[in-house]
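Listed here are the chains, written in short residue letters.
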Amino acid sequence: MSTHLLTAALDAAERGWHVFPLRPFDKRPALHGESVCPGIGDCAGFHRKWEDRATTDPDRIRRAWSTLSFNVGVATGPSGLIVVDLDMPKRKSSNSSTDTPYGATTFKALCERAGQPVPATYRTRTASGGEHLYFTAAPGVRLANTAGRLGPLIDTRAWGGYVVAAGSATPAGPYTLIDPAPVAPLPEWLCALLAVRQASRALTAMPSSSKSSRYATAAFRAEIATVQAAQEGERDTTLLSAARALGRFVAWGDLPLSAVQEALQAAGEYAGLSSRQCRSTVRSGLNWSIARNQHRRTA
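Quick caveat, the model's predicted, so the values are computed rather than measured.

Basis of the calculations
Within each chain, residue numbers correspond to sequence positions counted from 1 in written order. Restriction of local features to residues with pLDDT of at least 70 applies here, the model being predicted, together with a cutoff of 80 or more for giving and counting side-chain atom pairs; totals for whole chains, interfaces and linings are based on all residues. Each side-chain value is derived from all of the structure's non-hydrogen atoms; neither hydrogens nor water enter the calculation. Two strands qualify as a pair provided that DSSP identifies no fewer than 2 bridges between them. Runs of H or I in DSSP of at least four residues are treated as helices and runs of E of at least two as strands, each being numbered from the N terminus. A fitted line through C-alpha atoms represents every axis, and for helices the fit uses only the stretch in contact; the resulting angles, taken between N-to-C directions, go from 0 to 180 degrees. The contact criterion used throughout is that any non-hydrogen atoms of two residues lie within 4.5 Å. Any angle that falls under 35 degrees is termed roughly parallel, while one over 145 is termed roughly antiparallel, one within 65 to 115 roughly perpendicular, and all others oblique. Take the far helix as your reference; a near helix turned counterclockwise from it by less than a right angle gives a left-handed crossing, and one turned clockwise gives a right-handed crossing. Just so you know the grouping, Ala, Val, Leu, Ile, Met, Phe, Trp, Tyr, Cys and Pro go in nonpolar, Asp, Glu, Lys and Arg go in charged, and all remaining residues, Gly too, go in polar. Residue exposure (1.4 Å probe, protein chains only): buried if accessible area is under 20% of the type maximum, exposed if over 50%, otherwise partly exposed. Within 6.5 Å between ring centres, the rings of Phe, Tyr and Trp (the latter by its six-membered ring) count as paired, and their orientation is classed by plane angle as stacked under 30 degrees, edge-to-face over 60, tilted in between. Two thresholds decide whether a charge sits over a ring: the Lys NZ or Arg CZ must be within 6 Å of the ring centre and within 35 degrees of the ring normal.

Chemist: Would you take a moment to explain the sheet that holds strand β8 (residues 162-164) for this structure?
Modeler: Across a sheet, strands are paired by hydrogen bonds formed along the backbone, either parallel or antiparallel in direction. A sheet is described by the order of its strands in space; here three strands give the open sequence β1-β2-β8, paired in antiparallel fashion. The open sheet has two edge strands, β1 (18-22) and β8, and neither has a second partner. The average angle at which neighbouring strand axes cross in this sheet is 35 degrees, direction not considered. Note: β1 against strand β2 (residues 71-75), five bridges, orientation antiparallel. Residue Leu22 lies in a different strand from β2, and its bridge partner there is Asn71. Together, β1 and β2 form the strand contacts of helix α1 (residues 3-14), whose direction differs from that of β2 by roughly 15 degrees. Across the sheet, helix α3 (residues 58-65) touches β1 and β2, and the angle it forms with β1 is around 10 degrees.

Chemist: I keep staring at the packing of α1 against α3 and nothing clicks. Help me out?
Modeler: Each pair of packed helices can be summarised by the angle the axes make with each other and by the distance between the axes. Between α1 and α3, whose axes approach to 10 Å, the crossing angle comes to 160 degrees. Between α1 and α3, the crossing angle belongs to the class labelled roughly antiparallel. The crossing of α1 and α3 is right-handed. Between α1, through Leu5, Leu6, Ala9, Leu10 and Ala13, and α3, the contact on the second element is made entirely by Pro58, Ile61, Arg62 and Trp65. Here the contact of α1 with α3 is built from residues that sort into eight nonpolar, no polar and one charged.

Chemist: In this structure, what is going on with the pairing of β2? I would like to understand it.
Modeler: If a strand is regular, its side chains alternate between the two faces of the sheet. The buried count for β2 comes to five of five residues, which makes it a mostly enclosed element. Residues Asn71, Gly73 and Ala75 point to one face of β2 and Val72 and Val74 to the other, with burial holding for every one of them. Two elements, β2 and β8, share three bridges in a ladder whose sense is antiparallel. Pairing of Ala75 across the sheet is with Tyr162, part of β8.

Chemist: Where do I start with the packing of aromatic side chains in this structure?
Modeler: Applying the stated rule across the entire model yields nine aromatic pairs. In textbook terms, an aromatic cluster arises when at least three aromatic residues are bridged by ring pairs, as seen for Trp17, Tyr122 and Tyr134. Residue placement shows Arg142 over the ring face of Trp159; its charged tip is 4.0 Å from the ring centre. The ring centre of Trp288 lies 4.1 Å from the NZ or CZ of Arg244, which sits over that ring.

No statement about biological role is implied by the geometric values presented.
Structure, rendered in C-alpha cells:
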C-alpha cells in the first residue's frame, strides 16, 4: 500500500469529491466490469459502475487503498465538478514536430475571444504535461463530457466522466498539483458554451428526414448564434425575437421544447443577460409563439 495515494484519496474525499480506485500506475478503473459482475455487495441486484460506486466515505476509502497502491479517480459528476482538460499534441516520434497548439494555448485564445480572463482555479498537471482546471458545476445544470467541443485539445469531464487525481502516477509521469487555489464556479460564459453545444448535439441526433425538421434545425443554430453575438442594449430584444422565431417549430413538433429553452437560456447568459432575465424573456417569447402557431402554415 502507498500511503501518499491513500492520503490523496482521503484529501479528495474531504473536499466532497467522490473517489474510486484506478489500476496501479494506470488510468483505467480497477473495479470489475458488467460482464464479470458477481452481483453481490455494492452490486447486489444490479451492476453498479464506477460512477455509482465512487465514494467520500473515509472508511471505505481506507479499506480499498489498504490492499494495493491504487491510483485515485475522481468521478466528476457526483462530485459536482466540471473539469476542463487541456491536452498536449501527440507526437508520433521523438523526431517529429507539430504546429498544433497546446490545449492551454487554445483555451487562452477562447477566453480572449469571449473577453474573459483565464479563470483562476484549482489546477493540476497531467502525466502528459497537460492541465486539468477544476470548476464547481452550476446549480441545476447537468452537463455531460465533451471532446474538442470548445476547441482542439480541449475536453471537459462532467457526468459520465472522471479525472485522475493529483498524487497518482502512470508510466508517462505523475499527476501533480500546480495551483492549490479554491475550486472556482464554472464561469457563466463557459457554461453557456457547453450547454448550447450540448443542446445542439441533442438536435443533431434527432431524426431530420423531413424538409421541415432540417429547416428547423438550421433556424435553431442561426437564432442561437444571433443571440450569442447580440450587443449591449439589444440583447433582451434579440433573445425575445429568437424565442418567438423558434417557438413555432416547437408548436409544430419540429424542435423539442426543453432543448430550445436550454439553448436560448445559455445563449442569453453568454451574451451577458442575467439568468433570471433570460428565463423570463425565453418563457414569454416561447409562450407567445406557441399559442399563435398551433397549426402549421402551408406555402
